[in-house]
Each structure stands twice: as structure tokens, then as C-alpha cells.
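Examination of the molecular architecture
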Number of protein chains: 4
Amino acid sequence: MTPFVPGMDDQEFLRDKAVPMTKKEIRILTLTAARIDENAVICDIGAGTGSLSIEAALLAKNGHVFAIEKNPTALPLINANAAKFGVKNLTIIPATAPYGIADLPDLTAAFVGGSGGNLSLIIEALANRLKVGGRIVVTAITPQTVAACLADMKRRDNFRYEAVVVQVSRLRRVGSLDLPAAQNPITIITGEKV
Amino acid sequence: MTPFVPGMDDQEFLRDKAVPMTKKEIRILTLTAARIDENAVICDIGAGTGSLSIEAALLAKNGHVFAIEKNPTALPLINANAAKFGVKNLTIIPATAPYGIADLPDLTAAFVGGSGGNLSLIIEALANRLKVGGRIVVTAITPQTVAACLADMKRRDNFRYEAVVVQVSRLRRVGSLDLPAAQNPITIITGEKV
Amino acid sequence: MTPFVPGMDDQEFLRDKAVPMTKKEIRILTLTAARIDENAVICDIGAGTGSLSIEAALLAKNGHVFAIEKNPTALPLINANAAKFGVKNLTIIPATAPYGIADLPDLTAAFVGGSGGNLSLIIEALANRLKVGGRIVVTAITPQTVAACLADMKRRDNFRYEAVVVQVSRLRRVGSLDLPAAQNPITIITGEKV
Amino acid sequence: MTPFVPGMDDQEFLRDKAVPMTKKEIRILTLTAARIDENAVICDIGAGTGSLSIEAALLAKNGHVFAIEKNPTALPLINANAAKFGVKNLTIIPATAPYGIADLPDLTAAFVGGSGGNLSLIIEALANRLKVGGRIVVTAITPQTVAACLADMKRRDNFRYEAVVVQVSRLRRVGSLDLPAAQNPITIITGEKV
């Protein structure tokens, strides 16, 4: 069987208006930033629809993904999407992070898509569970989250980080024209434990 | 051995000021748009430093990449980068596309990074060599190339396409601050033969 | 009385869901690109809500603005907005451009916000009415309009042009955070008759 | 004489590689955000080449601009640019802000383009000198400055603010093509004293 390559289309996932979903291009860049291998053990904070968790689980086919999500509306969506793609190496943890992180096994990667104001506590908890060489990838929308995450990374002697701001506009065909639909600029911050 | 996941850092490649290189995030999005599997047969038009060809060759470990490049300065760079990463399934074709395309075996994917004004002829030649289900991914910088590529895709009954404009700014740490360095907006157009 | 400086807030204008409005920052850059003075004679093609026409009329207080608009829903909006800001030097022409342009007096500036596929005919008609030193400012959303406008400008010996792509995200306060809302990238092309 | 409208081309200003200059589109949006009238009294912190100060002085023809700049290389540039445009209502204050602000007359507008880490002290000093209805416009490049400025604005009961992120790419003609050159995304934060 050929290995999974990230990049499923957004419409392949079951969605709900009340549950935000990381869009395709940002999901790809987030996944590849984590350098996931087949045995990866991954935590996804703020899993939403589960799109990122599911692509991560498909990449880590001999590993495992722990999806932490506090929104009750999202939980059945993650389950349904996992079932749709035949993903079995995914455990959903209905909790508000950082709760749930301390009990996880050693991690090789973590995603933080929603922090609910607990970003520093979440990164601290993840950093404690992360193996050396492991990576935390934060996708931040607001300037406050971007600045807080960068400050947190700078404080850590055993982390090095890189960051990019990515703004995507998808073109949609309308007759002979192609109309852009701008998506919000997202800052992707990747910290590696050294 | 764990399968390759795209996303090498730009500085891992040998470079030359006279040879443009697709930057990391655009390279990742271009590679994943092509949906390359282990047996992929790929053509990379305007290979430049070979960064895209090499990541493609690592993904298609049982397949092959044909890198067409007209710039003589670039050819030894592609070779040196292939050697650096132990890539053996890569053939360099020193030519100005569309020359060289007609002689290729059936393709499952193609990249067009530089067209030198021959975009329509190149897409026509690639479309003829492409298997059904195969994908052509064009990365366009100028409005002229974007419009020409979209017009070409619209004309083809046996192609469906999608397109995104991506603008990346990389943050660089300067003391306690992080300074953005904006990269040019790139339009990635993916056509699938149906 | 102090002269008018462009930059009214979007919410100061009466709007309608069926009538698109150029957003504040793009409106400012479009207006200033036209180098309007107090005596300017201006044509605004695709006037929409009239926001651009009205700010132009306030700048050209001893001049005149001709707003050409084909959408019947927009016409009373332009009138109502003109009344709201006490603008009297504005004439609405209910027509599909280029109809209506040939009958205008000599112009010092023109805006093209919507072309309905007649871009080349519109620019030709405007170029014929434009005084030497006058400016045509096109705001283009689709790659097709951008490329067509640039091609048109290149063809004209007596025009020089400049162009910028502008992407704006407005931040909206939500508690202690500020959430961006991305607007579509707009290309502003300014041609000056020399 | 017709009133000045902002929007001079970048190349009209004398420049120096060691002195950063706010680019045209950002300068226009910054100037218009300040709602400067003919009698405005303005402080420009981190004046650089003086491009913003000079356009502000031309708008405030019966008012005055105080340009505070700590970089000795920049001071003769500001002087030379003021002379070039016949600007006489501009006073250069060679100082590191917030020094110099407390001694200014009542202000109707202020620009902060460079803060050298003193952003909060600078905004505090400006807020003390600012008349009710006056505006402080901060152009921020780094996430740290954006977040610090937004936090500062939120703390002030007598200020309301708005903010936009603006990313500009200028197109440059190369034969039949137009090549974009991306400029850094800038966040423009405008606080009004109420």
C-alpha cells in the first residue's frame, strides 16, 4: 500500500457550522511542519472537525493520535470523520486543554489549533510530554496568540522555532472568470525540542 | 524505512544566485497538489535548483522524475542536490520545454515552474503524455501566466482544475522581535486529467 | 472650510447586499492614485453604492463626477448617499459602459470598478475622453481582469501605468483578542495619459 | 491653490540605504487614517526619510509637524526632503522618543513608525499631548509591536481604535510580463482620543 500524502480536499470532511475547520493549505503546511513519521505519537489540541487529526493518523499509520477537544458539538464529527476514513489509531479526549495532556504517553508531535486562552499552560504541558526532536506546531489567528506563542518559544532554552505567516485566497470559477475568496492570514509557529 | 514526507528546509539545498528556487511552503503545496505516490512518473519543467524534483523523487521512490531545465547554470546544481540526498530516480534533460516532453514515458504528474513564454505548448505536450487521473501543477508568479494557465485549463474538456493564491512571509528572529520577510504571492493551479 | 481628505468609514455609506462596495482602504488608494484636484472632471464606471463617486466629488469640489452604473438596485443608493453627504456635483448615468462615456466632457480622471466584460471598450472610450495628464484607475479582482487591463495598457503608446496588488485584513476586537477578517486581494492599475 | 492630496511616489524622496522609508501605499493609508486637516499639529515618531512628515506638513499647510528621529543619518535627509518640497512647517527634533514629546504643543495627530522598544511610553506621552478627537496612528511590522500596541489601546478608557493588516505587492514591468515584488505586511493601528 502506498503511503499517505497529506492534502485531502476540505469537502471530503463532514462539517458543522459551529465547528471551525483548518483549511486545506494550512492543514498541509501544519502537518508537514510536524515531520510526522509512521510511528509518530501525536496530540491535537482543539481538534475541531478532526481534519488535522485524521490526516495525521493516516501519516502515522503505526502510531497514534490523541485529539483533545472541549466543544461537545465537535466530538461526534471527529468520530464520524475517523469512521469515514477508516482511521482507528485516533483517541478522542473530551477535555479543555491543558487537562488531558499530562496523562498522554511520550509525544513526537503536537498541534495547537485552539488554545482558549491557555496557550502557555498548554505549551508547558506539551513540552513536558514531548520527546527530544519532537515538534509543537501552533496555528495562530490573532496577533495576541502569535505574540504569546513567540514569547513562550523564546523563553524555552530547549526549543528552537521557526514561523511563517500564510495567506491563502482560493479561486472559484464563475463563467470565464476566477473569483478569489480570501482566507484569514494564519501564523504557523513550529517549535522543536532540542 | 519510513516514507518521505515533504518539507525540507530551503537551506538544505545547494543554491546559486542565478537560479531561482521555489521556497519551502510553496514547494510543499505544489508537491502535495500533485498527489504523488510511490510509483509516480513525474516531469518537472523549469527545475531550477532541483528542490522540487528531489522531493518528488523521494516521494516516488519506485517511480521516476524527469527534470527539464534550459539554464546551463542550473544543471550541475540539480545533479549536486540529487547526489546530496542520494536520489537516483531522477533524469535531467537539458532542454527548453516543450522540447523533451514528447519523448517521455506516460506521466502521472507534472510541475511547471517556469515556462519561458511557452506555457500553452508545454501544457499541451504534458496533457498528451499524462495518464487519466494525472495532475499538472503550475506555479505562476505573473498575472499573465496566471491568466494564460487558467484560460488553457478552461479550454480543455478533459481537465478540471483548482487554484489558490498563496502569500507567505517568513518571520526571522531579531533579538526579542520577529521580523517578517514577505515572499511574492504565488498562484498554484492544479489541473487533473479526467 | 478645510479641504476634504479621503477615508470615510464603510459604515457611513448606505448599503445594499446586492450592491458591492469598494472597502475603505482600497477606496483611499484608488482615489489618491487618480490625483484628483478641486477642478477634476471624473467618470466612475460601476459606481455601486457610490462611495468612490462621493469621495471623489468631495475632493473635486469645483469639478464634477459622472457615475455610470447599470444595476438598477444601485441607482437609488448612489442618490441617497449623495444626499447624505450633501454632494451636488454628481450626475448618475444609468447605462452599461462604454455607453455613456462618449458623451461626457473632457475628463481628468476615471475609475473602473466593474467592467462587465467590456474592459477594453471602456478603456478605449475613456482614453478618448481623457485629457493629457489624466488618469484611469482600474480596480481588478479576477486574474482575467488584471491581465486584460495590463495588456491593454501595454498596447497604448500614450499611456504609462503602474500597478499594485493590495490585500487587507481588518482586525475586529473580540474580548481581549483581535480577529482578522481577510478581504480579497485587489489589483489597482493606474494608467496616465502622456 | 489646489489642496494637497497624499500619494507622492517613493522615488520623489531622497533616500539612504541606512534609513527605512514607509512605502507609498502604507504612507497614504497612514496619513488618511490620521484625518489631518489644514490646521493640524502633528508629531511623527521615527520620521526616517521624512516622507510621512512631509506629506503631513503639506496637508496641514496652516499647521505644523514635529519630526522626532534618533538616527543621525536620517536628520539631513529629512531636511533635504523638506527643502525639496518647500516645506517650512516642519521642525526636526533629534531625540529618542518619548523624549521630546512632553515639550510639544497640543497635538491633533501623531504617527509612530519606529518605537525602539519604548512603544508604551511613547503612546502614553502622546496620549497626554493629544487633544480630544485627535488620532495616533501606529504602523507596526513585528507581531510583538502589533500585540503591544493593541494591548495598550485596550487599556485606555479614553481611546477607541481600529486596525488593519495591509500587504502590498508592486508589479514591475519586465517585457510583456509584470513581476510582483512583495512588501512586508504592515499593521496600521489607529487610536482616537474620545
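Criteria and cut-off values
Counting restarts for each chain: residues are numbered from 1 in the order of the written sequence. Written order decides the labels, with chains lettered from A and ligands numbered from 1. The predicted nature of this model means local features are confined to residues of pLDDT at least 70 and side-chain atom pairs, given and counted, to a pLDDT of 80 or more, with totals for whole chains, interfaces and linings taken over all residues. Water and hydrogen atoms play no part in the side-chain values, which are based on all heavy atoms of the structure. The contact criterion used throughout is that any non-hydrogen atoms of two residues lie within 4.5 Å. Buried area is a sum: the accessible area each of two parts loses on coming together, probed at 1.4 Å, counted once for each and added. Whenever Lys or Arg places a side-chain nitrogen within 4 Å of a carboxyl oxygen from Asp or Glu, that contact is recorded as a salt bridge. Distance and chemistry together define a polar contact, namely a pair of N or O atoms within 3.5 Å, with one atom able to donate a hydrogen and the other to accept it when in protein, and with adjacent residues in sequence counting only for side-chain atoms on both sides. Numbering of helices and strands runs from the N terminus, with a helix taken as a DSSP run of H or I at least four residues long and a strand as a DSSP run of E at least two residues long. Three categories are distinguished: nonpolar for Ala, Val, Leu, Ile, Met, Phe, Trp, Tyr, Cys and Pro, charged for Asp, Glu, Lys and Arg, and polar for the others, with Gly belonging to the last. At least two bridges found by DSSP between two strands is the condition for calling them paired. The superposition of copies rests on a least-squares fit of C-alpha positions from residues with pLDDT of 70 or more in both. Partly exposed residues are those whose accessible area sits between 20% and 50% of the maximum for their type, while under 20% is buried and over 50% is exposed, using a 1.4 Å probe and protein chains only. Each residue carries a pLDDT score, the predictor's own confidence in it, on a scale running from 0 to 100. It is the directions from the helix axis to the C-beta atoms that the arc portrays. Working convention: axes come from line fits to C-alpha atoms, limited for helices to the stretch in contact. Angles between N-to-C directions cover 0 to 180 degrees. Relative orientations are named as follows: roughly parallel for angles under 35 degrees, roughly antiparallel for angles over 145 degrees, roughly perpendicular for angles from 65 to 115 degrees, and oblique for any other angle. Each helix crossing is assigned a hand: it is left-handed if the near helix lies turned anticlockwise from the far helix by less than a right angle, otherwise right-handed if that turn is clockwise. How far a helix is expected to stretch is found by multiplying one less than its residue total by 1.5 Å. Pairing of aromatic rings covers Phe, Tyr and Trp, the last counted by its six-membered ring, and requires centre-to-centre distances within 6.5 Å; plane angles under 30 degrees mean stacked, over 60 mean edge-to-face, and any other angle means tilted.

**Section: the interface of chain B and chain A**
With 37 residues of chain B in contact, the opposing surface of chain A contributes 37 residues. Here chain B packs against chain A, burying approximately 3,100 Å² in sum over the two surfaces, 56% of which is carbon and sulfur. For the chain B face of the interface with chain A, the top three residues by lost area are B:V5, B:K154 and B:L171, together amounting to 16%. At the junction of chain B with chain A, the criterion picks out 8 salt bridges. Of the charged contacts in the structure, one is a salt bridge between A:K24 and B:E162, with a shortest N-O distance of 3.0 Å. Remark: the boundary between chain B and chain A carries 15 residue pairs in polar contact (both at pLDDT 80 or more). Every element with two or more residues in the side of chain B that touches chain A is listed here: α1 (24-33), α5 (143-155), β6 (159-174) and β7 (177-182) of chain B. If one sorts the elements of the side of chain B that touches chain A by residue count, β6(B) sits on top with 12 residues. Within the side of chain B that touches chain A, the residues separate by chemical class into 17 nonpolar, 8 polar and 12 charged. Note: strand β6 (residues 159-174) of chain A against β6(B), 9 bridges, orientation antiparallel. The residue bridging A:L171 from the neighbouring strand is B:A163, located in β6(B).

**Section: the relation of the copies chain B and chain A**
Superposing chain B onto chain A takes a rotation of 180° plus a shift of 0.0 Å along the axis, which leaves an RMSD of 0.0 Å. Such values leave the two copies arranged in the relation of a two-fold axis. No C-alpha of chain B approaches the rotation axis more nearly than that of B:Q167, which lies at 2.6 Å. Of the interface residues in chain B, 100% have counterparts in chain A that sit at the interface too, so the contact is made through matching surfaces.

**A look at the interface of chain A and chain C**
In this complex, chain A contributes 17 residues to the contact, which on the side of chain C involves 17 residues. Roughly 1,200 Å² is buried in total at the junction of chain A and chain C, and carbon and sulfur atoms are behind 62% of that figure. Where chain A touches chain C, the interface holds 0 salt bridges. Linking chain A with chain C are 6 residue pairs in polar contact (both at pLDDT 80 or more). Of all the secondary structure elements, the ones that give two or more residues to the side of chain A that touches chain C are α5 (143-155), β6 and β7 (177-182) of chain A. Classifying every residue of the side of chain A that touches chain C gives 9 nonpolar, 7 polar and 1 charged.

**A few points about the pattern of salt bridges**
Under the counting rule described, the total for this entry stands at 60 salt bridges over all chains. Ionic pairing is found between C:E55 and C:R27, a salt bridge with its closest N-O pair at 2.9 Å. Within this pair, whereas C:E55 is found in helix α2 (residues 51-59), its partner C:R27 is found in helix α1 (residues 24-33), the two being separated by 28 residues in sequence. For the pair C:E55 and C:R27, one class covers both residues: buried. Salt bridges here are not isolated pairs; linked through shared partners, they connect A:D9, A:K24, A:E25, A:R170, B:R35 and B:E162.

**Describing the pairing of strand β8 (residues 186-193) of chain A**
Residues and elements named next belong to chain A. Within β8, 8 of the 8 residues are buried, which leaves the element mostly enclosed by the surrounding structure. Both faces of β8 are covered, namely the face carrying I186, I188, T190 and E192 and the face carrying T187, I189, G191 and K193. Two strands pair when backbone bridges link them, and strand β5 (residues 130-140) and β8 are joined in this way by 6 bridges, in the antiparallel orientation. Its bridge partner being in β8, I136 is matched across the sheet by G191. Strand direction decides the pairing type here: β6 and β8, joined by 8 bridges, are antiparallel. Paired with F159 across the strands is K193, a residue of β8.

**Some remarks on the confidence of the model for chain A**
Any segment with low pLDDT has predicted coordinates that should not be analysed in fine detail. Of all residues in chain A, 99% have pLDDT values of 70 or greater, and the mean over the chain is 95. In the predicted complex, the global pTM is 0.97; the interface-specific ipTM is 0.96.

**Topic: helix α3 (residues 74-84) of chain D**
All names here are of chain D. Buried within α3 are the following residues: A74, L75, L77, I78, N81 and A82. Within α3, the buried residues cover an arc of 160° as seen down the axis, which keeps them to one side. The elements touched by buried residues of α3 are α2 (51-59), β2 (64-69) and β3 (90-94). Positive phi shows up at G86, right after α3, with a value of about 65°.

**Notes on the environment of D:V146**
If you trace the backbone, D:V146 turns up in helix α5 (residues 143-155). Each C-alpha atom, one on D:V146 and one on D:I68, is 21 Å from the other, the two residues being 78 residues apart in sequence. Apart from residues no more than four positions distant in its own chain, D:V146 is found in contact with A:P143, D:A140, D:T187 and D:I189.

**Some remarks on the environment of D:L130**
Residue and element names in this part refer to chain D. Tracing the backbone shows L130 in strand β5 (residues 130-140). A C-alpha to C-alpha distance of 29 Å links L130 and Q167, two positions 37 residues apart in sequence. Apart from the residues within four sequence positions on either side, L130 is in contact with L107, T108, A109, R135, I136, F159 and K193.

**Regarding the packing of helix α4 (residues 119-129) of chain C against helix α5 (residues 143-155) of chain C**
Residues and elements named next belong to chain C. Between α4 and α5, whose axes approach to 10 Å, the crossing angle comes to 40°. Comparing their axes, α5 and α4 come out oblique. Both α4 and α5 take part in a crossing whose hand is right-handed. Between α4 and α5, the residues in contact are L119, S120 and I123 and T145, A148, C149, D152 and R155, respectively. A per-class count over the contact of α4 with α5 returns 4 nonpolar, 2 polar and 2 charged.

**So, α5(B)**
All names here are of chain B. The terminal C-alpha atoms of α5 lie 18 Å apart, and with 13 residues this matches the ideal 18 Å at 1.5 Å per residue to within 8%. The element α5 is largely enclosed, with a buried count of 10 among its 13 residues. Where α5 is concerned, the buried positions are P143, Q144, T145, V146, A147, C149, L150, D152, M153 and K154.

**Digging into the packing of aromatic side chains**
All names here are of chain A. The final tally for this structure, using the stated rule, is 4 aromatic pairs over all chains. Each ring, one from F13 and one from F85, has its centre 5.3 Å from the other, and the planes form 55°; the classification is tilted. Placement of F13 in the segment before α1 (24-33) and of F85 in the loop between α3 (74-84) and β3 (90-94) is noted, with a sequence separation of 72 residues between them. For F13, a relative accessible area of 4% translates into the label buried.

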